[in-house]
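Notes for the structure review
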Amino acid sequence: MRLMRLALAAFVLVFLLPLGAHALIWMTHEHPQSWSRADWTSSGLLPAPIADSPAVIHIYAARTGRWKGAVAHHTWLVVKEAGAAPYERYDKVGWGSPVRRDGWAADGRWYGNMPELVAAIEGEAAAALLPAVRAAIADYPFREQGHYRVWPGPNSNSFVAHVIARVPQLGVALPPTALGKDYHVEMVYAGFAPSGTGFQFALGGLFGITLAWVEGLEINLFGLVAGLDLRQPALKLPGFGRLALV
């Protein structure tokens, strides 16, 4: 009985309190009232491609719209061949063509929210990995209409996590607020973490634990993630996401 009380207290302290606190902060901000009124324009993070610009593989994240933004980020991929080739953006969405190419500006705001760069691989390293990234995009198993579920997945973050897992050389950890990133094709998954630097157990995207050098320690309860990053010291809390310690 005492163990159950301790577990409940830990759940409230580590998961519910941070989530509630961030929700209160989120409510104090102004947000677009509809999809059509939101700003989807370029954020200006990416320079225009020129003749000598490098190959690029970028991963971006931005808070989702309305109340969901208090809880989750939307993530997407941006790739570009070397030179003046245009950027290509890939998102998994729940309407129209589920895996959408160039639906928005490569560095566009998402529902009015400013994107942040999660990972950047450029130059020769990006050029070498681009074929594998394109292959992973093409063989995503949940790419048909109807293959989208906001929670617990498969969703936009499940798609990006799939690409990372197929190309572990990217060495990327998605934000802990990328809800759906731990959703796998298998209902019960036990194997390598997406980065390939450790291990993960996941149950339907609702429960799980990850222990890896790149991802750190992550505990997933009902899709919410809390944990600790030792490689780049940080706390991982629901709602807030990654909070650097140094």
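It should be noted that the structure appears before, not after, this text.
Scope of this entry: the structure provided in the associated data block. (Residues numbered from 1 in each chain as written. Predicted model: local features only at pLDDT ≥ 70, side-chain atom pairs only at ≥ 80, totals over all residues. Heavy atoms only, no water.)

Focus: the overall build of the protein chain
- When you go through the protein chain residue by residue, the secondary structure sums to three helices and twelve strands.
- The dimensions of the protein chain, computed from C-alpha atoms along their principal axes, are 65 × 40 × 40 Å.
- For the protein chain, with 246 residues in total, the buried portion stands at 48%.
- Summarising the internal contacts of the protein chain: among those between residues at least 6 apart in sequence, 55% fall at separations of at least 24.
- Carbon and sulfur atoms make up 65% of the accessible area of the protein chain, which amounts to about 12,200 Å² in all.
- When the 20 basic and 18 acidic side-chain charges of the protein chain are each reduced to a single mean position, those positions are 9 Å apart. (Helix = DSSP H or I, 4+ residues; strand = E, 2+ residues; numbered from the N terminus. Buried < 20%, exposed > 50% of the residue type's maximum accessible area, 1.4 Å probe, protein only. Contact = heavy atoms within 4.5 Å. Areas by Shrake-Rupley, 256 points an atom, 1.4 Å probe, with all protein chains shown as cover. Lys, Arg positive; Asp, Glu negative; His and termini not counted. Charge placed at Lys NZ, Arg CZ, Asp CG, Glu CD.)

So, the packing of aromatic side chains
- Taken as a whole and assessed by the stated rule, the structure comprises 15 aromatic pairs.
- Seen from their ring centres, tryptophan 35 and tryptophan 110 are 5.9 Å apart, and the 90 degrees between their planes marks the pair as edge-to-face. Here the residue tryptophan 35 occupies a position in the loop between helix H1 (2-27) and strand E1 (56-63), and tryptophan 110 occupies one in the loop between strand E4 (99-101) and strand E5 (116-122), the gap between them amounting to 75 residues.
- Since its relative accessible area comes to 37%, tryptophan 35 is described here as partly exposed.
- By relative accessible area, tryptophan 110 is classed as buried at 6%.
- Pairing tryptophan 76 with tryptophan 110 gives two aromatic rings, centres 6.4 Å apart and planes at 35 degrees, and the pair type is tilted. Taken together, the residues span a long stretch of sequence, with tryptophan 76 in strand E2 (residues 73-80) and tryptophan 110 in the loop between E4 and E5 at a distance of 34 residues. (Phe/Tyr/Trp six-rings, centres within 6.5 Å; stacked < 30°, edge-to-face > 60°.)

Regarding the nonpolar core
- Residues Ile57 and Phe159 are the most contacted members of the largest nonpolar core, which totals 28 residues.
- Among the secondary structure elements, those contributing two or more residues to this core are E1, E2, E5, helix H2 (124-138) and helix H3 (156-166).
- Sort the elements by how many residues they give to this core and H2 lands first, with six residues.
- Excluding residues that lie within four positions of it along the chain, phenylalanine 159 makes contacts with Leu77, Tyr90, Asp91, Lys92, Val99, Ile137 and Tyr140. (Core = buried A, V, L, I, M, F, W, Y, C linked by side-chain atoms within 4.5 Å.)

Considerations on the sheet that holds strand E7 (residues 198-203)
- One open sheet holds the seven strands; their spatial order is E6-E7-E8-E9-E10-E11-E12, and the pairing between them is antiparallel. The open sheet is flanked by strand E6 (188-192) and strand E12 (241-244), the only strands paired with a single partner. For this sheet the average axis-to-axis angle between neighbouring strands, irrespective of direction, equals 10 degrees.
- Most of the contacts of H1 go to strand E10 (residues 224-229), to which it runs at about 110 degrees, and overall it touches strand E9 (216-221), E10 and strand E11 (234-237). (Pairing = 2+ DSSP bridges. Axes fitted to C-alpha atoms, helices over the stretch in contact; angles between N-to-C directions.)

Some words on H1
- Over its 26 residues, H1 runs 36 Å from end to end, which matches the ideal 38 Å to within 8%, given 1.5 Å per residue.
- Along its length, H1 shows its largest kink, about 35 degrees, at leucine 16, and proline proline 18 lies within four residues downstream of that point.
- All of the buried residues along H1 are Phe15, Pro18, Leu19, His22 and Trp26.
- If you follow the buried residues of H1, they end up packed against E1, E9, E10 and E11. (Expected span 1.5 Å × (residues − 1). Bend = angle between axes of the 7 residues up to and from the residue.)

Things to note about the pattern of salt bridges
- This model, assessed by the stated rule, comprises eleven salt bridges.
- With a closest N to O distance of 2.6 Å, glutamate 218 and lysine 181 form a salt bridge. Residue glutamate 218 is found in strand E9, and its partner lysine 181 is found in the loop between H3 and E6; the two are separated by 37 residues along the sequence. Across this residue pair, the class does not change: glutamate 218 and lysine 181 are buried.
- Counted as one network, the salt bridges with shared partners bring together Glu81, Glu88, Arg101, Asp102 and Arg134. (Salt bridge = Lys/Arg side-chain N within 4 Å of Asp/Glu carboxyl O.)

Things to note about the side chain of lysine 181
- In this structure lysine 181 comes out as buried when scored by relative accessible area, which is 8%.
- Engagement of the side chain of lysine 181 in a polar contact is seen with the side chain of aspartate 182, the distance being 3.3 Å.
- Within the structure, lysine 181 has its side chain in polar contact with the side chain of glutamate 218 (distance 2.6 Å).
- Look past the residues within four positions of lysine 181 in its chain and what remains in contact with it is Asn157, Ser158, Ala161, Leu174, Pro175, Pro176, Glu218 and Val225. (Polar contact = N/O pair within 3.5 Å; in protein donor to acceptor, adjacent residues only side chain to side chain.)

Focus on the pairing of E7
- Burial along E7 is one-sided: the residues Gly198, Gln200 and Ala202 are buried and none of Phe199, Phe201 and Leu203 is.
- For E6 and E7, the ladder comprises five bridges, and the chain directions are antiparallel. Bridge pairing in E7 places valine 188 opposite leucine 203.
- Counting the residues in the hairpin turn of E6 and E7 gives five residues, including glycine 196, whose phi is positive at 75 degrees.
- One ladder, built from six bridges, connects E7 with strand E8 (residues 207-212); its direction is antiparallel. Opposite glycine 198, over in E8, you have alanine 212 as the bridge partner.
- In this structure, the hairpin formed by E7 and E8 is closed by a connection of three residues, where glycine 204 is found at a positive phi of approximately 60 degrees.

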